[in-house]
Amino acid sequence: MINFFQKLGLGLKKTSDKISSGLKDIAFKRHINNDLLDELEELLITADVGIKASRQIIEAFGAKKFDKEITEIEIKEALAAEFTNILKPLEASFEPDSHCPYVVLMVGVNGAGKTTTIGKLTSKLTAKGKKVTMIAADTFRAAAVEQLEAWAYQTNAHLIKGTPGCDSAGLCYDGLNEAVKRHDDIVFIDTAGRLQNKTGLMDELKKIVRVIQKVIPSAPHLTLLTLDATTGQNAIEQVEVFKKLLDVDGLVVTKLDGSAKGGILACVAMETPTPVYFIGVGEHTEDLDIFKAEDYAKNLFGL
Ligand SMILES: Nc1nc2c(ncn2[C@@H]2O[C@H](COP(=O)(O)OP(=O)(O)OP(=O)(O)O)[C@@H](O)[C@H]2O)c(=O)[nH]1
Ligand SMILES: [Mg+2]
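Predicted model only: the values in this text are computed from it and were never measured.

K.L.:
Looking at this structure, I do not really get the overall build of the chain. What am I missing?
P.N.:
When its secondary structure is counted, the chain shows 12 helices and 10 strands. Compactness check: the chain gives a C-alpha radius of gyration of 21 Å against a globular reference of 19 Å for 303 residues, within 12% of the reference. Dimensions of the chain, computed from the C-alpha atoms along their principal axes, are close to 65 × 40 × 30 Å. Relative to all contacts within the chain whose residues are 6 or more apart in sequence, the contacts with residues 24 or more apart total 80%.

Laid out in structure tokens, this is it:
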């Protein structure tokens with residue numbers, strides 16, 4: 001069975017292939033001069049690394065390697081090292097402590113991967129003996145509740161669901177009280193997907209936060225914003241809008257498999273630095289893992 005590093009490599013292959021074929025065209029056995037640095041910067045921009053991050057990476061690279069003759073593999077290694085420096089501050093560790101329960105609020109736009117991420121995380125946690133409750137706060141769509149219910153069944157988690165169309169904040173209030181009584185370790189609140197420009201639904205999130213604080217004043221202990229990596233630059237706007245509304249503690253970046261936009265995390269680091277708790281490279285439990293800057297950067301450059 002392949003490990004997560006290899007999966008990440010396969011997932012980021014579209015991006016790394018793009019970078020590799022671009023490098024082949026421009027950089028084989030050449031002296032590092034200003035023209036080459038410009039070409040490398042453009043190549044990074046086309047991989048969604050973003051203008052600021054691309055410039056910073058190329059400046060740092062140029063400062064060390066200017067006027068040297070360098071092979072393609074050395075270029076990749078040097079660029080990956082600079083990329084790691086940019087991404088390193090985004091690393092985060094998920095340590096649900098003994099808040100009894102530790103409450104995780106999952107937010108994000110439609111289809112980003114919120115429910116799936118909750119399912120994958122729960123699967124890992126219940127396997128370690130943790131008691132998990134999931135609250136199906138997406139009360140609009142029956143299919144949304146069924147989807148979470150399937151994960152709850154599969155992972156031995158407790159599910160709290162309401163009647164169709166019921167008030168999601170009220171459901172969170174009741175569900176959290178129940179989880180406290182059950183002495184659960186962790187509660188995941190699965191919210192409905194909401195586009196960042198729909199104010200009604202966005203306000204509802206604030207209401208959920210106010211209501212759960214009536215049960216546990218320190219909750220939510222972790223607010224995670226799920227981003228779909230295939231959305232590219234629009235992800236930056238999503239982070240900014242959700243941050244204005246909520247105390248977003250960190251990100252989950254999904255669908256890094258099949259995305260040619262693997263450079264997007266560098267943009268996040270430069271434009272709106274936010275810790276990345278997990279990355280997803282597929283639909284199954286083993287396709288989610290913590291974010292490691294160096295592994296990510298190496299895979300991005302096909303190393
Ligand atoms: N390839 C791939 N698919 C993923 C990943 N994460 C989630 N998905 C798929 O993306 C689709 C949407 O995921 P959901 O978890 O339902 O997304 P959501 O944010 O809960 O969506 P809404 O509740 O509709 O807002 C599902 O088909 C998932 O299986 C990933 O890392 N890679
Ligand atoms: Mg969902």
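Once you've had a look at it, read on.
K.L.:
So what exactly am I meant to see when it comes to the site of ligand 1 here?
P.N.:
The immediate surroundings of ligand 1 are formed by 21 residues, with Gly 113, Thr 115, Thr 116, Gly 193 and Gly 280 found nearest. Per element, the largest residue contribution to the shell around ligand 1 is 3 residues, and it comes from helix 6 (residues 114-127). Grouping the amino acids of the shell around ligand 1 by side-chain chemistry returns 3 nonpolar, 12 polar and 6 charged.

K.L.:
I keep staring at unusual backbone geometry and nothing clicks. Help me out?
P.N.:
Look at the link from Ala 219 to Pro 220: it is a cis peptide, with omega at -5 degrees. Of note, the phi angle at Asp 48 is positive, near 60 degrees, even though the residue is not glycine. Among the structural elements, Asp 48 can be located in the loop between helix 3 (34-46) and helix 4 (51-65).

K.L.:
What am I meant to see in the pairing of strand 8 (residues 250-254) here?
P.N.:
For a regular strand, side-chain orientation follows a simple rule: the groups alternate between the two sheet faces. Extensive coverage of strand 8 is indicated by the burial of 4 of its 5 residues. Note: strand 7 (residues 222-228) against strand 8, 5 bridges, orientation parallel. Directly across from Leu 224, in strand 8, lies its bridge partner Gly 250. Handedness of the crossover is the feature at issue here: the chain leaves strand 7, passes through helix 10 (residues 234-245), returns alongside strand 8, and the resulting connection is right-handed. Pairing geometry for strand 8 and strand 9 (residues 276-280), over 3 bridges, is parallel. Bridge assignment links Leu 251 to a residue of strand 9, and that residue is Val 276.

K.L.:
Can you walk me through the sheet that holds strand 5 (residues 158-160) in this structure?
P.N.:
Note: strands within a sheet are paired through backbone hydrogen bonds, in either parallel or antiparallel orientation. With respect to topology, 8 strands assemble into an open sheet ordered 5-4-6-3-7-8-9-10, the strand pairing being mixed. Of all the strands in the sheet, the pair left with one neighbour each is strand 5 and strand 10 (288-290). If you compare each strand with its neighbour and ignore which way they point, the axes differ by 25 degrees on average. As paired elements, strand 9 and strand 10 share 3 bridges and run antiparallel to each other. Within strand 10, the position partnered with Gly 280 by the bridge is Leu 288.

K.L.:
Honestly, helix 9 (residues 199-215) in this entry has me stumped. Any pointers?
P.N.:
In a regular helix each residue adds 1.5 Å, so 17 residues correspond to 24 Å; helix 9 covers 25 Å between its end C-alpha atoms and thus fits that length. Looking at helix 9, one finds that the buried residues are Leu 205, Ile 208 and Ile 212. Seen along its axis, helix 9 keeps its buried residues to an arc of 55 degrees; they face one direction. Away from its buried face, by an angle of more than 90 degrees, helix 9 presents the exposed residues Thr 199, Gly 200, Asp 203, Lys 206 and Arg 210. The elements touched by buried residues of helix 9 are strand 3 (102-108), helix 8 (168-181), strand 6 (186-190) and helix 10.

K.L.:
Which parts of the structure should I look at to understand the pairing of strand 7?
P.N.:
Within strand 7, 7 of the 7 residues are buried, leaving the element largely enclosed by the surrounding structure. Taken together, the 5 bridges between strand 3 and strand 7 define a ladder with parallel strand orientation. Bridge pairing in strand 7 places Leu 105 opposite Thr 223.

K.L.:
Got a minute to help me understand the packing of helix 4 against helix 5 (residues 72-87) in this structure?
P.N.:
Angle between the axes and distance between the axes are the two parameters that describe a pair of packed helices. Packing of helix 4 against helix 5 brings their axes to within 9 Å, and their N-to-C directions diverge by 130 degrees. As the angle between them shows, helix 4 and helix 5 are arranged oblique. For the crossing formed where helix 4 meets helix 5, the hand is right-handed. Contacts between helix 4 and helix 5 involve Ala 53, Gln 56, Ile 57, Ala 60, Phe 61, Lys 64 and Lys 65 on the former and, on the latter, Ala 78, Leu 79, Glu 82, Phe 83 and Ile 86. The residue inventory of the contact of helix 4 with helix 5, partitioned by class, reads 8 nonpolar, 1 polar and 3 charged.

K.L.:
Explain the nonpolar core to me, please; I cannot follow it from the model alone.
P.N.:
The tendency in soluble globular proteins is for nonpolar side chains to be buried as a group. Membership of the largest hydrophobic core comes to 85 residues, with the highest contact counts inside it found for Val 104, Ile 189 and Leu 265. Top contributing element to this core by residue count: helix 5, with 7 residues. Ignoring anything within four residues of it in the chain, the contact list for Leu 265 reads Leu 87, Leu 90, Val 253, Val 276 and Tyr 296.

Scoring rules and cut-offs
Each chain has its residues counted from 1, following the order in which its sequence is written. Written order decides the labels, with chains lettered from A and ligands numbered from 1. At least 70 in pLDDT is required for a residue's local features to be given in this predicted model, at least 80 for side-chain atom pairs to be given and counted, and no such filter applies to totals for whole chains, interfaces and linings, which use all residues. Helix and strand assignments follow DSSP, with helices taken as H or I runs no shorter than four residues and strands as E runs no shorter than two, numbered in order from the N terminus. A radius of gyration in this sense is built from C-alpha atoms; the matching globule rule multiplies 2.2 Å by the number of residues raised to 0.38. Here contacts are defined at the residue level, using C-beta atoms placed from the backbone and a cut-off of 7 Å between them. Here, nearness is defined through the C-beta atom: a residue counts as near a molecule or strand if that backbone-placed atom lies within 6 Å of it. Three classes are used, and their members are as follows: Ala, Val, Leu, Ile, Met, Phe, Trp, Tyr, Cys and Pro are nonpolar, Asp, Glu, Lys and Arg are charged, and the others, Gly among them, are polar. Residue burial here comes from a neighbour count, namely the number of other C-beta atoms, placed from the backbone, that lie within 10 Å of the residue's own C-beta, with 20 or more meaning buried, 12 or fewer meaning exposed, and in between meaning partly exposed. Here, any two strands with at least 2 DSSP bridges between them count as paired. Note on handedness: a clockwise path from strand one over the helix to strand two, with the strands aimed away from the viewer, defines a right-handed crossover. Angles here are taken between N-to-C directions and fall from 0 to 180 degrees, while the axes themselves are lines fitted to C-alpha atoms, restricted in helices to the stretch in contact. One less than the residue count of a helix, multiplied by 1.5 Å, gives the span that helix is expected to have. Think of it as the arc spanned by the lines of direction from the helix axis to the C-beta atoms. Any angle between 65 and 115 degrees counts as roughly perpendicular, while under 35 counts as roughly parallel, over 145 as roughly antiparallel, and the rest as oblique. We call a crossing left-handed when the near helix sits turned anticlockwise from the far one by less than a right angle, and right-handed when that turn is clockwise. By definition, a nonpolar core groups buried Ala, Val, Leu, Ile, Met, Phe, Trp, Tyr and Cys residues that are joined through C-beta atoms within 7 Å.

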